[in-house]
Amino acid sequence: MSNIEVLRNPWRRPTVADPLTEEQVQAVAACHRSMADYEPTPLLALKGLARELGLRGLHVKDESKRFGLNAFKGLGVSYAMHRILEEGPLPQAGVVSCTDGNHGKALAWMAKRLGCPCLILMPKGSSPARVAAIQALGATVQVTEHNYDDTVRLAASYAQEHGALLVQDTALPGYTKIPWDIVLGYSTLLREALEQLQERPTHVFVQAGVGSLAGGVIAYLNHAMAQGSAPLVGVIEAQTVPCIYESIRQGRWVTFGDGPITAMAGLNCGEANPVTFPIIRDRADALIQCADDITFRGMARAKNPVDGDPAFSSGESGAVGLGMVEQLMRDPAYGAQRQQLNLNSQSVVLVFNTEGEVAPQ
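Notes on the structure follow.

Reading the values: the criteria
Residues numbered from 1 in each chain as written. Predicted model: local features only at pLDDT ≥ 70, side-chain atom pairs only at ≥ 80, totals over all residues. Heavy atoms only, no water. Helix = DSSP H or I, 4+ residues; strand = E, 2+ residues; numbered from the N terminus. Buried < 20%, exposed > 50% of the residue type's maximum accessible area, 1.4 Å probe, protein only. Pairing = 2+ DSSP bridges. Axes fitted to C-alpha atoms, helices over the stretch in contact; angles between N-to-C directions. Contact = heavy atoms within 4.5 Å. Phe/Tyr/Trp six-rings, centres within 6.5 Å; stacked < 30°, edge-to-face > 60°.

### Some remarks on the environment of Ala224
Now for step 1: Tracing the backbone shows Ala224 in helix 9 (residues 212–224).
Now for step 2: We classify Ala224 as partly exposed; its relative accessible area is 40%.
Now for step 3: Between the C-alpha atom of Ala224 and that of Val25, which follows or precedes it by 199 residues, the distance is 9.6 Å.

### A word on the sheet that holds strand 8 (residues 203–207)
Now for step 1: Read from one edge to the other, the open sheet built from seven strands follows the order 1-10-9-8-11-3-2, with strand pairing classed as mixed. Sheet topology places strand 1 (4–8) and strand 2 (43–45) at the edges, where each strand pairs with a single neighbour. Averaged over neighbouring strand pairs, the angle between their axes works out to 25° when direction is ignored.
Now for step 2: As paired elements, strand 1 and strand 10 (residues 286–290) share five bridges and run antiparallel to each other. The partner of Ile4 across the bridge, within strand 10, is Cys290.
Now for step 3: Most of the contacts of helix 9 go to strand 8, to which it runs at about 155°, and overall it touches strand 8, strand 9 (232–238) and strand 11 (348–353).

### What to know about the sheet that holds strand 5 (residues 118–122)
Now for step 1: Strand order in the open sheet formed by four strands is 6-5-4-7, with parallel pairing between adjacent strands. Looking at the sheet topology across the chains shown, the edges are occupied by strand 6 (140–143) and strand 7 (165–166).
Now for step 2: Pairing of strand 4 (residues 95–98) with strand 7, which is carried by two bridges, proceeds in the parallel orientation. The partner of Val95 across the bridge, within strand 7, is Leu165.
Now for step 3: The strands that helix 4 (residues 102–114) touches are strand 4 and strand 5; relative to strand 4, the one it contacts most, it runs at about 170°.

### Here we look at the packing of aromatic side chains
Now for step 1: Taken as a whole and assessed by the stated rule, the structure comprises three aromatic pairs.
Now for step 2: Relative to Phe277, the ring of Trp253 has its centre 5.3 Å away and its plane inclined at 80°; by these criteria the two rings are edge-to-face. Here the residue Trp253 occupies a position in the loop between helix 10 (243–250) and helix 11 (277–283), and Phe277 occupies one in helix 11, the gap between them amounting to 24 residues.
Now for step 3: On the accessibility criterion, Trp253 (42% relative accessible area) is partly exposed.
Now for step 4: According to the relative accessible area criterion, Phe277 is buried, its value standing at 9%.

### Digging into the environment of Ala132
Now for step 1: Among the secondary structure elements, Ala132 is positioned in helix 5 (residues 128–135).
Now for step 2: As a C-alpha pair, Ala132 and Lys105 span 27 residues in sequence and 9.7 Å in three-dimensional space.

### Some thoughts on the side chain of Gln327
Now for step 1: Checked against the element boundaries, Gln327 lands in helix 13 (residues 320–330).
Now for step 2: Setting aside its immediate chain neighbours within four residues, Gln327 contacts Ile4, Ile294, Arg297 and Tyr334.

### Focus on unusual backbone geometry
Now for step 1: A positive phi angle is found at Asn70, which is not glycine, with a value near 70°.
Now for step 2: In this fold, Asn70 is placed in the loop between strand 3 (57–62) and helix 3 (74–87).
Now for step 3: The phi torsion at Asn342 lies on the positive side, around 55°, for a residue other than glycine.
Now for step 4: As for its position among the elements, Asn342 is in the loop between helix 14 (335–341) and strand 11.

Shown next, in the form of structure tokens:
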């Protein structure tokens, strides 16, 4: 198997109803703009690398600068908590969630601000550095003996048994409102990027673990851009746990079991978010699998830019889009994949650095 596999989406139906309303989009924007420490994250133009790769443009939305959290997840958690507090106070037992790292850190950050208890459950094999980063914000952390998806269910059981509030970024049966509010919160990332770009992107590549960010990105692009002008959207997963890719390829719900089985902790999820999967299925143009080697290449490029490009910090889950684009454009062996994605000298590419390095080496 190649280190990069591409599937053009056979189920794409771009004419289905818009999953976002303008009222929702404006509510998210107003919420984030009201936060004292909110500011747009940088959009980095890698002009030198674009020239080397034969692209018209290559841009990286750098979420390592978001709220001092080193990742994008604060956007979703802050909006979801805003909506929760509109309905009433938090329970005395506080909040609970499962995380591979960044979502739990964002929830611990919000809980600290609000002065409420926070319990974060993490799957087996979680990085000690990610555990420590969450503990530093005052949350209680327990690393379980389960994989990510089973730990999500464990967090839900804890919430029910102890009267805590589950603030999870993936849906469960009967539990969809908070996950959807988290997805809505991610629209700020796209709003900023489209405002910052000087020209329309032709390609957007976004990572997917359970697919909450990817679903939010696709939903916002289709809401904000007229049909026919929206970019090609490719959803990137880890090659060892491509639950969305395989569900779409096989035309049935596919899950993956035990882990961890990828260095990309945020992508180490074996079950898609049922709230956003239909959006990805109906509107994504391509599904992409990448081996861990691809994100390591992206991390190295972020640290070692070419021809005057800015350097930036990129973690294992953050660098895969950049690494993939460079590998596709440099390596002649990926000609078929380039053709599948219509990547050429007229392409203006947007990728997301969803996290900075967690434990810089």
